[in-house]
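Chain residues, written in single-letter form:
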Amino acid sequence: METAVQKARDLGSYHLVSLIGRGGMGEVWRARHRMLAREAAIKVVRADLMMLQPGYESEITRKRFAREAQAIASLRSPHTVYLFDFGVAEDGSFYYVMELLDGISLQALGERFGPQPASRVIHMLRQICGSLEEAHRRGLVHRDIKPSNLFACAVGIEYDFMKVLDFGLVRNASPGETLQLTATGVTAGTPAYMAPEVAMGEERLDGRVDIYGLGCVAYFLLTGAPVFEEKSKKWMISRLI
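Residues numbered from 1 in each chain as written. Predicted model: local features only at pLDDT ≥ 70, side-chain atom pairs only at ≥ 80, totals over all residues. Heavy atoms only, no water.

> Explanation requested: the nonpolar core in the structure shown.
Grouped burial of nonpolar side chains is what soluble globular proteins tend to show. Residues Tyr 96, Leu 106, Ile 128, Leu 150, Leu 214 and Val 217 are the most contacted members of the largest nonpolar core, which totals 39 residues. When contributions to this core are tallied by element, the ones reaching two or more residues are α2 (58-73), β6 (94-98), α3 (106-113), α4 (118-137), β9 (150-155), β10 (158-164) and α6 (208-223). Ignoring any residue separated from it by four or fewer positions in sequence, one finds Val 217 in contact with Leu 106, Ile 145, Lys 146, Pro 147, Leu 150 and Tyr 193. If you look at the next biggest cluster of nonpolar residues, it comprises 11 residues, including Leu 11, Trp 29, Ala 31 and Ala 89. (Core = buried A, V, L, I, M, F, W, Y, C linked by side-chain atoms within 4.5 Å. Buried < 20%, exposed > 50% of the residue type's maximum accessible area, 1.4 Å probe, protein only. Helix = DSSP H or I, 4+ residues; strand = E, 2+ residues; numbered from the N terminus. Contact = heavy atoms within 4.5 Å.)

Given below as structure tokens:
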């Protein structure tokens, strides 16, 4: 019943059509603009995650999400997923409206087809680096580079056109800036692709953590297996120590 109700819900100018997937941060829906008939993907961030730091008012947290969305929307690389709109739903959930991609995640690609040719992997990595370089020049660190956040798409007559997704853990590395989604002292990310300094909980991070994650992605694409098989951050930290 809850799913049926959500499918009938509108977010801003968009009507939710069908659920694409669920994750730790919320849900991703296929949606359609009511006036333009344009399809899009909407990521709905759970309302309980809007209160990330104890003592913060929800309005302050919403403003921080809005600043992050505006920063992502300012990115112009064709290999960064386009952000069309953002807002707050009636239940307090925050949502992003993004382009709907026609493609496959590198996670699914590796799992279905196994190791990929080196030439194809290099072609993909160069495009991803183009997206990350622009973000890094603006002081933005993705912090969650992994195969499931990287899509190989069909765009026009081009194939393997890469898109970097999910800037939900983005953080501004510039001194004096406070643009971040996670609370201070909280380690977030995916252990198998997490740089050592992230796993150790260091606060001052820069674009090198994304390069580390991309290196792990390259290993996965070339071998069909992750660098680290374990999923526990505690295991990773013990190996680092």
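> Could you clarify how one ought to interpret the packing of aromatic side chains in this entry?
Here the distance between the centres and the angle between the planes together describe a pair of aromatic rings. Counted by the stated rule, this structure contains 2 aromatic pairs. When the centroid spacing of 6.0 Å and the interplanar angle of 20 degrees are considered together, the rings of Phe 86 and Phe 94 count as stacked. Considering the side-chain rings of Phe 94 and Tyr 96, the 5.3 Å spacing of their centres and the 70 degrees angle between planes classify their relative orientation as edge-to-face. Judged on exposure class, the residue Phe 94 and its partner Tyr 96 are both buried. Its end group placed over the ring of Phe 84, Arg 38 keeps NZ or CZ at 4.3 Å from the ring centre. (Phe/Tyr/Trp six-rings, centres within 6.5 Å; stacked < 30°, edge-to-face > 60°. Lys NZ or Arg CZ within 6 Å of the ring centre and 35° of its normal.)

> It is not clear to me how α6 should be interpreted in this structure. Could you clarify?
Residue pairs spaced three or four apart in an α-helix point in one direction, given the helix's 3.6 residues per turn. Between the first and last C-alpha of α6 there are 23 Å, a value that for 16 residues agrees with the 22 Å anticipated at 1.5 Å per step. When α6 is considered as a whole, its buried residues turn out to be Val 209, Asp 210, Gly 213, Leu 214, Cys 216, Val 217, Ala 218, Phe 220 and Leu 221. Looking at the buried positions of α6, the neighbouring elements they touch are α3, α4, β8 (140-141), β9 and α5 (196-199). Immediately downstream of α6, the backbone of Gly 224 shows phi near 85 degrees, a positive value. (Expected span 1.5 Å × (residues − 1).)

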